[in-house]
Each structure stands twice: as structure tokens, then as C-alpha cells.
Amino acid sequence: MAQDNSNPGRAISSVEDAARALLTNWPGDEGDRFYEAVKACLDCLDHVLDPASARMAFALAAQEAGTLAKY
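Report follows, based on the coordinates.

Cut-offs applied
Residues numbered from 1 in each chain as written. Predicted model: local features only at pLDDT ≥ 70, side-chain atom pairs only at ≥ 80, totals over all residues. Heavy atoms only, no water. Core = buried A, V, L, I, M, F, W, Y, C linked by side-chain atoms within 4.5 Å. Buried < 20%, exposed > 50% of the residue type's maximum accessible area, 1.4 Å probe, protein only. Helix = DSSP H or I, 4+ residues; strand = E, 2+ residues; numbered from the N terminus. Disulfide = S-S within 2.5 Å. Axes fitted to C-alpha atoms, helices over the stretch in contact; angles between N-to-C directions. Parallel < 35°, antiparallel > 145°, perpendicular 65-115°, else oblique. Left-handed = near helix turned anticlockwise from the far one by under 90°. Contact = heavy atoms within 4.5 Å. Nonpolar A, V, L, I, M, F, W, Y, C, P; charged D, E, K, R; others polar. Salt bridge = Lys/Arg side-chain N within 4 Å of Asp/Glu carboxyl O.

The next subject is the nonpolar core. Among soluble globular proteins, nonpolar side chains are generally buried collectively. Counting 18 residues, the largest nonpolar core has Leu22, Trp26, Cys41 and Phe58 as the members making the most contacts within it. Of all the elements in the fold, those that place two or more residues in this core are helix H1 (15-24), helix H2 (32-45) and helix H3 (51-65). At six residues, the largest contribution of residues to this core is made by H2.

This part takes up the state of the cysteines. In the structure shown here, the tally under the stated rule is zero disulfides. Lacking any disulfide linkage, Cys41 is separated from the closest cysteine sulfur, that of Cys44, by 7.2 Å. Since its relative accessible area comes to 9%, Cys44 is described here as buried.

Further remarks concern the packing of H2 against H3. Running from N to C, H2 and H3 cross one another at 155°; their axes reach a closest spacing of 8 Å. When the axis of H2 is compared with that of H3, the two are roughly antiparallel. For the pair H2 and H3, the crossing hand works out as left-handed. On H3, the residues touching Asp32, Arg33, Phe34, Glu36, Ala37, Ala40, Cys41 and Cys44 of H2 are Pro51, Ala54, Ala57, Phe58, Leu60, Ala61 and Glu64. Taken together, the residues of the contact of H2 with H3 sort by class into eleven nonpolar, no polar and four charged.

Turning to the environment of Ala11, a few remarks are in order. Along the chain, Ala11 turns up in the segment before H1. Residues Ala11 and Ala69, spaced 58 residues apart in sequence, show a C-alpha to C-alpha distance of 8.8 Å.

The subject of this paragraph is the pattern of salt bridges. Where charged atoms of side chains with opposite charge meet at close range, the side chains can pair. All told, the structure shown has three salt bridges when counted by the stated rule. Here Arg20 ties to Asp17 by a salt bridge, and the two come within 3.2 Å at their closest N and O atoms. Of this pair, Arg20 and Asp17 both sit in helix H1, three residues apart, roughly one helical turn. Taking relative accessible area as the criterion, Arg20 reaches 47% and is therefore assigned partly exposed. Between Glu36 and Arg33 there is a salt bridge whose closest N-O contact spans 3.7 Å.

Rendered as C-alpha cells:
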């Protein structure tokens, strides 16, 4: 899980949530993982990529940004 920085404490629970978080209020620098996650989420929404792959890409971007929540 990652937190939505526009709404602290809110978990990202869908590909739509992940894409919105990436495209509207991503913290810090936009590194390589950020761009990979954006592409993965958009590809998933277009039914080109499976949700598990988009989730992994998003988790790696969140980890890179320091926002990945640990449970």
C-alpha cells in the first residue's frame, strides 16, 4: 500500500487511485520508477497490462519516493 499524498492516510486501493496519485500529486523527484509506474497504470487501464504488474510498478515507484507504507 502507498499513501495518497493529496489525502494523507488514505490508501491506494485500485489502479485508478494509483494513476490519479501518480499524475496529480506525486512527491519528490520523478525518477525512472515513476515513469514506469505511470506507463504501467495507463497500460492496465487500457487492458494492455495485468493489474498485478501495474501494482508492482506502482509499489516500486512509491518505494523510490519514500511513500510505501509497510504493514
